[in-house]
Number of protein chains: 2
Amino acid sequence: MKFEIKKKLDGTLARAGVMTTSHGIIETPAFVVVGTKATVKALTPEQVKDLGAEAVLANTYHLYLKPGSELVKKAGGLGKFMNWPGPTFTDSGGFQVFSLGAAFGKKVNKISSPETDYSSILQNTRIVKEAQEAVGELAKIDDGGVTFKSHIDGSEHRFTPESSIKIQEDLGADVIFAFDECTSPQASYEYQREAVDRTHRWAKRSLDAHKNKNQAIFGVVQGGRYKDLREESAGVISEMGFDGFGIGGSFDKEDVYSVVGLVNSILPEDKPRHLLGIGEPADLFGGVENGADLFDCVAPTRIARNGTLYTRDGRINVLNARFMNDFSPVDGECGCYTCKNFTRTYIAHLFRAKEMFAATLASIHNLYFIVNLVKKIRQSILDENFFEFKERFLARYHFK
Amino acid sequence: MKFEIKKKLDGTLARAGVMTTSHGIIETPAFVVVGTKATVKALTPEQVKDLGAEAVLANTYHLYLKPGSELVKKAGGLGKFMNWPGPTFTDSGGFQVFSLGAAFGKKVNKISSPETDYSSILQNTRIVKEAQEAVGELAKIDDGGVTFKSHIDGSEHRFTPESSIKIQEDLGADVIFAFDECTSPQASYEYQREAVDRTHRWAKRSLDAHKNKNQAIFGVVQGGRYKDLREESAGVISEMGFDGFGIGGSFDKEDVYSVVGLVNSILPEDKPRHLLGIGEPADLFGGVENGADLFDCVAPTRIARNGTLYTRDGRINVLNARFMNDFSPVDGECGCYTCKNFTRTYIAHLFRAKEMFAATLASIHNLYFIVNLVKKIRQSILDENFFEFKERFLARYHFK
């Protein structure tokens, strides 16, 4: 893997670059589309490519459980298995082991905002508490690794840094991640300190276990919401000789950008940085401005399947009664397949009729929206009008 | 609509023709793909076209209930609503009013075979009995029309020949059908006699109500499993001046072909005939040989969604354990998108992981298989080797 910076934006950490993998290039900043179980839900690989995506990230945890990483290896690796010819990523399995094992991953945002949404945080606290109690049963951490129970059938499994890397080598993606511990956003400082140290030891073991040099390996910076831990983690992970970096875990909404900026000001400039699991428009601007090159997030496709669609003015839910009689496209300024060919009325009908094609059309639109937003952010770096573009976009886009 | 016969096969009723509609041509015999609720389930219109389909049939009953025929009219009609630029058909609503209202439509085959599957017929008899009792509640027939309850919310509605035609005019398909009564396969001769007479009166009223001459209207021949009623119905419907004909209702497996042949020997030769709701390979050969030009059936997509796939050797269910390690395509001789790009292993994985893309890949394959089988049957008429092709195909294809 090669990474070349084409342009840096003065006074910020933002940069436009090109990552070259053996399966093609990724122009960064880029949004990597999530294909959890070796399929971008409801889409063909051609639809994924046509909407502008350059790379797909699949989940190690899911593929390990089903259909098994050895089967994927036998099929020729992830890309060949799912017929995606472009660059591929797999995560370390860490996030899912903790979140799915504990069943709170879906409900706790990676960026928490107690001020703006008090009731949701209250609810989150309850969910996290329940989840933490559940973790006791579903996932047991020791210095060697994590023993966890499958969310599918309760069967017991164990991930270690060595096994995570072995599984990811079998899956055969172009970019793999070191095994890390993902902590709850509510974890204490003491626990975060312990966990970040463990993540560093696991990073070293992941690197030592990594044999297939055709795969780039990214080390993951953790540290939760604590700036000193983030700073320390960035420093430690920087020194290990990884090909790139992931920034994992959760953040406080109020200082997500400053923490990401802090981390990226420490990480070596000549290697790519992946802000894991983040993809809301405002966060993409904030992430890029603070030095992130890669993003991935399930939100665009997950909310799509519930009828929530991005527009220039913010999200809409197409199941709202007024869209049943709205013969305009989802977003009149959008160039995606869905907007060029179908009306809000039709998409609303498909959702109400519980037709699968609803998920396809909505996912194409949302991914196009996000993937191309990041492409436009990239272009604005090259054109030196990043801030104008950001202000114009965010002035109009209202997160609801 | 124009219909031109290009070639007749000596000693049979089979013919190859071309139907011309204002939205394009259909080379007959042809399999018309079912898009029940204005979407061919899990597929884009482009995928439908690419697999070889020339026309789509939507269901009047479903679209009347959701999203409503007036909304579809406002959207510019069925084709524009669903972005299908080719020829479209709508059925009369009759079949669904009786079958879905009574909830037995999914379980009673249109072709019954008491000899070959005794247990299933026993079960069918029970289901039909229950269904008939339910009909008492859900659908009430009088000479004016049918009062029925929605299978969605139980709300009461009424279809008459006049309202069925009005709804179909709003939906705006190229080919519409006269409103008919679909009887249970178990109905007595006396009831069938009464129903077929009513269907004839309704056919006349449908024709009188039909104002939009841009839409072709097909009359429906009924009569169940009784040859004398079928003969009479073919004669009566022939005389009314329809643009083409549907052959509806159910048949005994042992004489389906002779009954279809009998009907088609009476229907005027210069107009197209649509064998409604039939689509198994052997029945396609039998139907064509006995003078049918058009077919439609939900089976290829419905069984696809359960993992059942056509191959040259018969059906397989890809959820069978042995396919998890089978890296060959569904059918090695198939040229469809699915077979060119994906393995049985991958499709099995998608089904096991409950991924929507499974339905897409399976539906593309099954529709390609059936649509192109009918195209090959057509070619064999033109090439005068229909019987060789039929024997070769059926010797290898085992219906399981």
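The residue count restarts for each chain, going from 1 along the sequence in the order it is written. Each chain gets a letter, beginning with A, and each ligand a number, beginning with 1, in the order they are written. Given that this is a predicted model, residues contribute local features only at a pLDDT of at least 70 and side-chain atom pairs are listed and counted only at 80 or more, while totals for whole chains, interfaces and linings are drawn from all residues.

Just to check I follow, could you spell out the sheet that holds strand β10 (residues 156–159) of chain A for this structure?
Think of a sheet as strands paired side by side through backbone hydrogen bonds, with each pair either parallel or antiparallel. Residues and elements named next belong to chain A. Strand order in the open sheet made by the 3 strands is β8-β9-β10, with antiparallel pairing throughout. Two strands bound the open sheet, and with one partner strand each, they are β8 (139–141) and β10. Across this sheet, the average inter-strand angle for adjacent strands is 15°, counted without regard to direction. Note on pairing: DSSP must find at least two bridges between two strands before they are called paired. Runs of H or I in DSSP of at least four residues are treated as helices and runs of E of at least two as strands, each being numbered from the N terminus. Across 3 bridges, β8 lies against strand β9 (residues 146–149) in antiparallel orientation. The residue of β9 that forms the bridge with Ala139 is Phe148. Lines fitted to C-alpha atoms define the axes here, with helix axes fitted over just the stretch in contact, and angles between the N-to-C directions of these axes take values from 0 to 180 degrees.

Hey, could you run me through the domain arrangement of chain A in this one?
Interfaces are often sized by the accessible area lost when the parts come together. All names here are of chain A. Start and end points for every domain follow an automatic or database-based domain assignment. In terms of domain boundaries, chain A breaks down into domain 1 (29–297) and domain 2 (312–400). Tallying the contact residues gives 20 residues for domain 1 and 21 residues for domain 2. Looking at the side of domain 1 that touches domain 2, the element that brings in the most residues is helix α11 (residues 281–289), giving 5 residues. Of the residues that constitute the side of domain 1 that touches domain 2, the class distribution is 14 nonpolar, 3 polar and 3 charged. Contact criterion: two residues are in contact if their C-beta atoms, reconstructed from the backbone, are within 7 Å. Each residue gets one of three labels, nonpolar for Ala, Val, Leu, Ile, Met, Phe, Trp, Tyr, Cys and Pro, charged for Asp, Glu, Lys and Arg, and polar for the others, Gly among them.

In this structure, what is going on with the interface of chain A and chain B? I would like to understand it.
Residue-level contacts link 28 residues of chain A with 28 residues of chain B. Put simply, the parts of the chain that give the side of chain A that touches chain B at least two residues each are α4 (78–82), α14 (344–352) and α15 (356–382) of chain A. The biggest single contributor to the side of chain A that touches chain B is α14(A), with 5 residues. Looking at the side of chain A that touches chain B, its residues break down into 15 nonpolar, 8 polar and 5 charged.

Sorry, what's going on with the relation of the copies chain A and chain B here?
Two copies of one chain are present, and they are related through a rotation about an axis combined with an axial shift. Each copy of the sequence occupies a distinct position, and chain A is placed on chain B by a rotation of 180° and an axial shift of 0.0 Å, giving an RMSD of 0.0 Å. Expressed as a symmetry operation, the mapping of one chain copy onto the other fits a two-fold axis. Residue Met356(A), judged by its C-alpha, is the member of chain A lying nearest the rotation axis, at 3.6 Å. A shared binding surface is used by both copies, with 100% of the interface residues of chain A retained as interface residues in chain B. Copies overlap after least-squares fitting; the atoms used are the C-alpha atoms of residues with pLDDT of at least 70 in both.

Looking at this structure, how should I read unusual backbone geometry?
Negative phi values dominate among residues other than glycine, just as trans dominates among peptide bonds. Residues Thr28(A) and Pro29(A) are joined by a peptide bond in cis, for which omega reads 0°. With respect to the secondary-structure elements, Pro29(A) resides in the loop between β3 (24–28) and β4 (30–34). At the junction of Lys66(B) and Pro67(B), the peptide bond is cis and its omega measures out at 5° in the coordinates. Turning to its location among the elements, Pro67(B) is positioned in the loop between α2 (60–65) and α3 (69–74). A positive phi angle is found at Lys354(B), which is not glycine, with a value near 55°. As for its placement among the helices and strands, Lys354(B) is situated in the loop between α14 (344–352) and α15 (356–382).

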